[in-house]
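Descriptive analysis of the structure
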Amino acid sequence: MSAVLNTVKQKPSPLKKEWSRDEVQELFTLPFNDLVFKAQTTHREFFDPNEIQLSTLMNIKSGKCPEDCAYCPQSARFNTDVDVTPVLDLDTVLASAVAAKAAGATRFCMGAAWRSPKDKDLDAVIPLIEGVRGLGLETCVTLGMLNEMQAKRLANAGLDYYNHNLDTSPEFYGKVITTRTYQDRLDTLENVRDANINVCCGGIVGLGESVEDRAELLRQLANLPVPPESVPINLLVKVEGTPLANAAEVHPLDFVKTIAVARILMPSSFVRLSAGRTNMTDETQALSFFAGANSIFYGDELLTTDNPLVAADNKLFETLGLKASANTHS
Ligand code: SAM
Ligand code: DTB
Ligand code: SF4
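Residues numbered from 1 in each chain as written. Chains lettered and ligands numbered in written order. Predicted model: local features only at pLDDT ≥ 70, side-chain atom pairs only at ≥ 80, totals over all residues. Heavy atoms only, no water.

Some words on the nonpolar core
Looking at soluble globular proteins, one finds that nonpolar side chains tend to be buried together. One finds Tyr71 and Leu154 to be the most contacted residues of the largest nonpolar core, which totals 89 residues. Looking at which element gives the most residues to this core, the answer is helix α9 (residues 252-265), with eight residues. Not counting the four nearest positions on each side in its chain, Leu154 is found in contact with Leu122, Ile126, Ile129, Val141, Leu143, Leu146, Leu159, Tyr162 and Ile197. By size, the runner-up hydrophobic cluster in this structure holds seven residues, among which are Leu57, Cys140, Ala275 and Leu302. (Core = buried A, V, L, I, M, F, W, Y, C linked by side-chain atoms within 4.5 Å. Buried < 20%, exposed > 50% of the residue type's maximum accessible area, 1.4 Å probe, protein only. Helix = DSSP H or I, 4+ residues; strand = E, 2+ residues; numbered from the N terminus. Contact = heavy atoms within 4.5 Å.)

And the structure:
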């Protein structure tokens, strides 16, 4: 069991702020300099501004997913060119985890293209969680919807984080996914929280959503009974064959504003500059860090698409004077 992370059940604080629709929309209308200054000031109250948390991703079960998430290359409904694999074996996963740790990652995140795992799927994933933990890495998995019992099983295996994204606003959600509801996602998040697993939950920018939708996504996240410890903000990776392959480009500064508002709404959470970095300049990434992003996916691949090379990221950290955060598990 994770000593600190999984023993104390987090309760909503009576002092927790409920963000109103107008308050969040107003942040998006602030002059850029005012918004980013506010975000950086908030960031400094809770974090070392020059420290960054590094998580490495691995796709442990690829492709043939029954869901219809319009952004996702792993949906069986779209004609994309992704590998289809059963759950990978322990040795393969541990070899990647060892390499991730050696490169400087502190968390290893394993993704599976499932709508929701069957209990026998968890039988296959649990040894992977235990093995990766045994290496002294934090563990995260993203396996789709979980019921109460499944969340408890993962907690008992010592899982540190569960990733399950809201993806967008409740209003825009139906334009992107029809095979599971927003409430289904909230139910999974509640099951994960109740099992005392840390919550990793965020969304995607670039699905064709409005600024109001981005504000509503962030408000939903911040107004959860306990905000997620980790908030991945993905820029859509446009993949040939998915319905969103030709989605409109997002202006880089609009992306940075989303990061800044996430930081202001969830001051003590890790905000992760997630998918989409291969299409960002160093300047956009640097501004995102200045706006309060303090975590990235680190490693040459995401799940099925490319991520910046580790060597390029290390060079960027050197240029920016960023240092990787320490491993909490070793
Ligand atoms: N199947 C599980 C689920 O959806 O809950 C876990 C894996 S799924 C790939 C995890 C998350 O990756 C999605 O919720 C979405 O936010 C993100 N994602 C998937 N495809 C993406 C893309 N093309 N661009 C950006 N983010 C993406
Ligand atoms: C998250 O928010 N982003 C990651 C992780 N959680 C699982 C996934 C990004 C996937 C990008 C597209 C791909 O590589 O398939
Ligand atoms: Fe399946 Fe997850 Fe992709 Fe949706 S995002 S199609 S649930 S793998």
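Next comes the rest of the description.
Quick look at the site of ligand 3
All residues adjacent to ligand 3 are Cys65, Glu67, Cys69, Tyr71, Cys72, Ser75, Ala113, Trp114 and Arg180. Here ligand 3 occupies the largest cavity. Its residues assigned to classes, the shell around ligand 3 comprises six nonpolar, one polar and two charged. (Near = heavy atom within 4 Å. 1 Å grid on protein atoms, 1.4 Å probe; cavity = no way out; pocket = protein on both sides within 12 Å on 5 of 7 lines; lining within 4 Å. Sits in = over half its atoms within 2 Å of the grid points. Nonpolar A, V, L, I, M, F, W, Y, C, P; charged D, E, K, R; others polar.)

Looking at helix α8 (residues 211-222)
With 12 residues, α8 should reach 16 Å at 1.5 Å per residue; the first-to-last C-alpha distance of 17 Å fits that figure. Most of α8 is tucked away, with nine of its 12 residues classed as buried. Among the residues making up α8, those that are buried are Asp213, Arg214, Ala215, Glu216, Leu217, Leu218, Arg219, Leu221 and Ala222. Those residues of α8 hidden inside the fold are in contact with α1 (21-29), α6 (170-173), α7 (182-194), β6 (203-205), β7 (230-235) and α9. (Expected span 1.5 Å × (residues − 1).)

Re the packing of helix α2 (residues 32-46) against α9
Two elements in contact, α2 and α9, have axes separated by 9 Å at closest approach and are oriented at 40°. Regarding the angle of α2 to α9, the classification is oblique. Handedness of the α2/α9 crossing: left-handed. Taking contact as the criterion, the partners of Phe32, Leu35, Lys38, Ala39, Thr42 and His43 in α2 are, on α9, Leu253, Val256, Lys257, Ala260, Val261, Arg263 and Ile264. (Axes fitted to C-alpha atoms, helices over the stretch in contact; angles between N-to-C directions. Parallel < 35°, antiparallel > 145°, perpendicular 65-115°, else oblique. Left-handed = near helix turned anticlockwise from the far one by under 90°.)

As for the site of ligand 2
Close contacts around ligand 2 come from 13 residues, with Asn165, Asn234, Leu303, Thr304 and Thr305 the closest. At a separation of 3.2 Å, a nitrogen atom of ligand 2 approaches a polar side-chain atom of Asn163. Residue Thr304 places a side-chain N or O atom 2.6 Å away from an oxygen atom belonging to ligand 2. Notes on ligand 2: free accessible area 410 Å², of which the protein chains cover 88%. Of the pockets mapped on this structure, ligand 2 occupies the largest cavity. The class makeup of the residues in the shell around ligand 2 is seven nonpolar, six polar and no charged. (Polar contact = N/O pair within 3.5 Å; in protein donor to acceptor, adjacent residues only side chain to side chain. Areas by Shrake-Rupley, 256 points an atom, 1.4 Å probe, with all protein chains shown as cover.)

Remarks on empty space enclosed by the protein
For the coordinates displayed, the defined rule picks out two cavities of 30 Å³ or more. Of the residues in the lining of the largest cavity, the class split is 22 nonpolar, 11 polar and six charged. Considering only enclosed or pocket space, the second largest cavity measures out at about 40 Å³ in volume. Taken together, Thr168, Ile204, Val205, Glu209, Asp213, Arg214, Leu217, Ile233 and Thr258 make up the full set of residues lining the second largest cavity. Among the elements of the structure, β6 and α8 are those that each provide at least two residues to the lining of the second largest cavity. Take the lining of the second largest cavity: its biggest share by element is three residues, from α8. Partitioned by chemical class, the residues of the lining of the second largest cavity number four nonpolar, two polar and three charged. (Points joined across faces, edges and corners; volume = space filled by probe spheres on them.)

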